[in-house]
Amino acid sequence: MFDRVSGIPAHPLFVHGAVVLVPLLALVAVLYGVWPGSRRHIRWPLIAFAVAAPIAVFVSKESGEELSKQFGNSPAVLEHEGYADKLFWFILALGVVSLVMAFMVPATRDGAAAIKAPAVAHYAVAGVAVVLALVSAFYVYKTGDSGAHMVWGS
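So, here's what we can say about the structure. If you're wondering where the values come from, they're calculated on a predicted model, not measured in any experiment.

## Side note on the overall build of the chain
Counting its secondary structure elements, the chain contains 4 helices and 2 strands. Relative to its full complement of 154 residues, the chain shows a buried share of 40%. A separation threshold of at least 6 residues defines the contact pool for the chain, and within that pool the share at least 24 residues apart is 75%.

The structure is reproduced here in structure tokens:
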């Protein structure tokens, strides 16, 4: 299933979803966590990205594993897969934390937050989201960079 799309390797196609959705989720999660005025406008995009980004990374990772079966496991491939594995777990965690944040601190019509949990809990979840967003952005960069070096050379 993750091998080919219309006769060409699927991995280069699927990677684009992860490359776009991971930074978008990271950005929207940070904004939602630290800027209350944005919540009314970005709650539903946060929820959508929190679901879509981990799926995009999973599909990219699986298609990459199928592609590596054709070319073998060189040290460069293993390094790239290692970054992708870490990215998957961090983006999955960011997706879960983002969903918790979206439903813990829903936006109201006037843009203010109707906090259901104590403010300390919101700040803790927002802090975790910021850290996970930064780590996810780092690993999407490292994964893409190592993959590009494999394909296009040093």
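Now that the structure is up, let's keep going.
## Digging into the environment of alanine 137
Mapped onto the elements of the fold, alanine 137 is located in helix H4 (residues 119-152). Residue alanine 137 is classed as partly exposed on the basis of its relative accessible area of 34%.

## Overview of the pattern of salt bridges
Under the defined criterion, the tally for this structure stands at 4 salt bridges. The residue aspartate 85 makes a salt bridge to lysine 61 at a minimum N-O spacing of 3.5 Å. In this pair, aspartate 85 sits in helix H3 (residues 75-104) while lysine 61 sits in helix H2 (residues 39-71), placing the two residues 24 residues apart along the sequence. Under the relative-accessibility criterion, lysine 61 is labelled buried at 15%. Linking lysine 69 and glutamate 66 is a salt bridge whose minimum nitrogen-to-oxygen distance equals 3.2 Å. Of this pair, lysine 69 and glutamate 66 both sit in helix H2, separated by 3 residues, roughly a single helical turn. Given the relative accessible area of 63%, lysine 69 is considered exposed. On the accessibility criterion, glutamate 66 (28% relative accessible area) is partly exposed.

What counts as what
Counting of residues starts from 1 at the beginning of each chain's written sequence and follows it residue by residue. Since the coordinates come from a predicted model, pLDDT governs what is reported: local features require at least 70, and pairs of side-chain atoms require 80 or more to be given and counted, while whole-chain, interface and lining totals use all residues. Here the side-chain values reflect all heavy atoms present in the structure, with hydrogen atoms and water set aside. Only DSSP runs of H or I reaching four residues or more are called helices, and only runs of E reaching two or more are called strands; each is numbered from the N terminus. Think of it in three bands: with a 1.4 Å probe and only protein chains considered, a residue is buried below 20% of the maximum accessible area for its type, exposed above 50%, and partly exposed in between. Any pair of residues with heavy atoms lying within 4.5 Å of one another is described as a contacting pair. A pairing counts as a salt bridge when a side-chain nitrogen of Lys or Arg comes within 4 Å of a carboxyl oxygen of Asp or Glu.

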